[in-house]
Amino acid sequence: MRGRFITIEGTEGVGKTTNIDYIKQWLDDNGISFVNTREPGGTPLAEEIREVLLSNREEQVCSKAELLMMFAGRAQHIDQVIEPQLAMGNWVLCDRFTDATYAYQGAGREMGNALIESLETMVQGSMRPDLTLVLDVPVELGLERAGKRSEPDRFELEKTDFFNRVRQAYLSMAEKSPERYKVIDASNSLVQVQQQISLVLCNFLNKHQDEISSQ
Ligand code: T5A
């Protein structure tokens, strides 16, 4: 059976990296074979594109160039990693995916959704994540956490308004499709956040097992 595709999303510093370690352990404990990957990035070529996208530079990066680089890396990532792994029956756990493009380029950069929808169809066809965890914290708290951890990258230098648009875009996607998106209040303690994540994953796994047994 084809593997399941889980993505984890949110604004800066919401705790994606921290909680992915927890999810990996959870998948291991449940005997699920998976690969853990990320966007932008996930293959040597796509990681090079990531470097280009995140590094601070004097030249202004135009929004369309940024958008196309996101999808160039994604096309390579899907072709080399995501699709083959899912086809082999492995689950794929991905730190950010196309929802980040809707949130950051569509809402943050105010590009709208039409162009993104066309590129999504071109690059992904009908492939979409099966489950998306949206870690949600007030923007200021996320930026404070991220700031303590490392120097800001090109995106983290954006203003609070930009990240508020990003956050609202995630919450609005989640509201429209509650079956796929699960919003986690990540302003709580790590233990409480992981309890919420565990509950979502247990429900998802039960649903997956029901589907297998009904086949
Ligand atoms: N991007 C990406 C786009 O614009 N379009 C796209 O299509 C895609 C795919 C890189 C950038 O690319 C943009 C979005 C991004 O700006 P990234 O590498 O995922 O994406 O970068 P960040 O979102 O910046 O990821 P971070 O690594 O900064 O944040 P995380 O992973 O969410 O946060 P994490 O786990 O490192 O935690 C931050 C700090 O908070 C603490 C942690 O210990 C850590 O110190 N923390 C908590 N503290 C207290 N309580 C909790 N519950 C905590 N959870 C974490």
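Preceding block: the structure.
About the cut-offs
- Residues numbered from 1 in each chain as written.
- Predicted model: local features only at pLDDT ≥ 70, side-chain atom pairs only at ≥ 80, totals over all residues.
- Heavy atoms only, no water.
- Pairing = 2+ DSSP bridges.
- Helix = DSSP H or I, 4+ residues; strand = E, 2+ residues; numbered from the N terminus.
- Axes fitted to C-alpha atoms, helices over the stretch in contact; angles between N-to-C directions.
- Buried < 20%, exposed > 50% of the residue type's maximum accessible area, 1.4 Å probe, protein only.
- Arc of directions from axis to C-beta.
- Expected span 1.5 Å × (residues − 1).
- Contact = heavy atoms within 4.5 Å.
- Near = heavy atom within 4 Å.
- Polar contact = N/O pair within 3.5 Å; in protein donor to acceptor, adjacent residues only side chain to side chain.
- Areas by Shrake-Rupley, 256 points an atom, 1.4 Å probe, with all protein chains shown as cover.

### Things to note about the sheet that holds strand S1 (residues 5-9)
Part 1: Ordered in space as S2-S3-S1-S4-S5, the five strands form an open sheet in which the pairing is parallel. Each edge of the sheet is formed by a strand with only one pairing partner; in this case those strands are strand S2 (34-38) and strand S5 (181-185). Going across the sheet, the axis of each strand differs from the next one's by a mean of 20°, ignoring polarity.

### Let's talk about unusual backbone geometry
Part 1: Here the bond from Glu39 into Pro40 is cis, since omega is -10°, no more than 30 degrees from zero.
Part 2: With respect to the helices and strands, Pro40 occurs in the loop between S2 and helix H2 (44-54).
Part 3: At Arg96, a position not held by glycine, the phi torsion is positive, near 75°.
Part 4: Of note, Arg96 is situated in the loop between strand S3 (91-95) and helix H4 (98-108).

### Notes on H2
Part 1: Buried within H2 are the following residues: Ala46, Ile49, Arg50, Leu53 and Leu54. Within H2, the buried residues cover an arc of 125° as seen down the axis, which keeps them to one side. Among the exposed residues of H2, those oriented more than 90 degrees off its buried face are Pro44, Glu48 and Glu51.

### Describing helix H7 (residues 160-176)
Part 1: Between its first and last C-alpha atoms H7 spans 24 Å; for 17 residues at 1.5 Å apiece the expected length is 24 Å, and the two agree.
Part 2: For H7, the elements touching its buried residues are S1, H4, strand S4 (131-136), helix H6 (139-149) and S5.

### Observations regarding the site of the ligand
Part 1: In the vicinity of the ligand lie 28 residues, with Thr17, Thr18, Arg50, Arg96 and Arg149 positioned nearest.
Part 2: Contact between the ligand and Gly13: an oxygen atom at 3.3 Å from a main-chain N or O atom of the residue.
Part 3: Residue Val14 places a main-chain N or O atom 3.3 Å away from an oxygen atom belonging to the ligand.
Part 4: When the ligand is considered free in solution it has 1000 Å² of accessible area, and contact with the protein chains removes 84% of it.
Part 5: Those elements that place two or more of their residues in the shell around the ligand are helix H1 (16-29), H2, helix H3 (63-87), H4, H6 and helix H8 (190-213).

### A few points about the environment of Gln215
Part 1: Positionally, Gln215 belongs in the segment after H8.
Part 2: Sequence spacing of Gln215 and Glu151 is 64 residues, and the spatial spacing of their C-alpha atoms is 50 Å.

### A look at the pairing of S4
Residues in a regular strand project their side chains so that they alternate between the two faces of the sheet.
Part 1: With six of six residues buried, S4 lies mostly within the body of the structure.
Part 2: Side chains of S4 alternate between two faces, with Leu131, Leu133 and Leu135 and Thr132, Val134 and Asp136 buried alike.
Part 3: In terms of strand pairing, S1 meets S4 through four bridges, oriented parallel. Among the inter-strand pairings, Ile8 is bridged to a residue of S4, identified as Leu133.
Part 4: Relative to S5, S4 is paired through five bridges, and the arrangement is parallel.

### Focus on the pairing of S1
Part 1: Summarising burial for S1: five of the five residues are buried, a large majority.
Part 2: Residue alternation in S1 divides its side chains into two sets, Phe5, Thr7 and Glu9 and Ile6 and Ile8, and both sets are buried.
Part 3: In this sheet, S3 lies alongside S1 in parallel orientation, the contact comprising four bridges. Its bridge partner lying in S3, Phe5 is registered against Val92.

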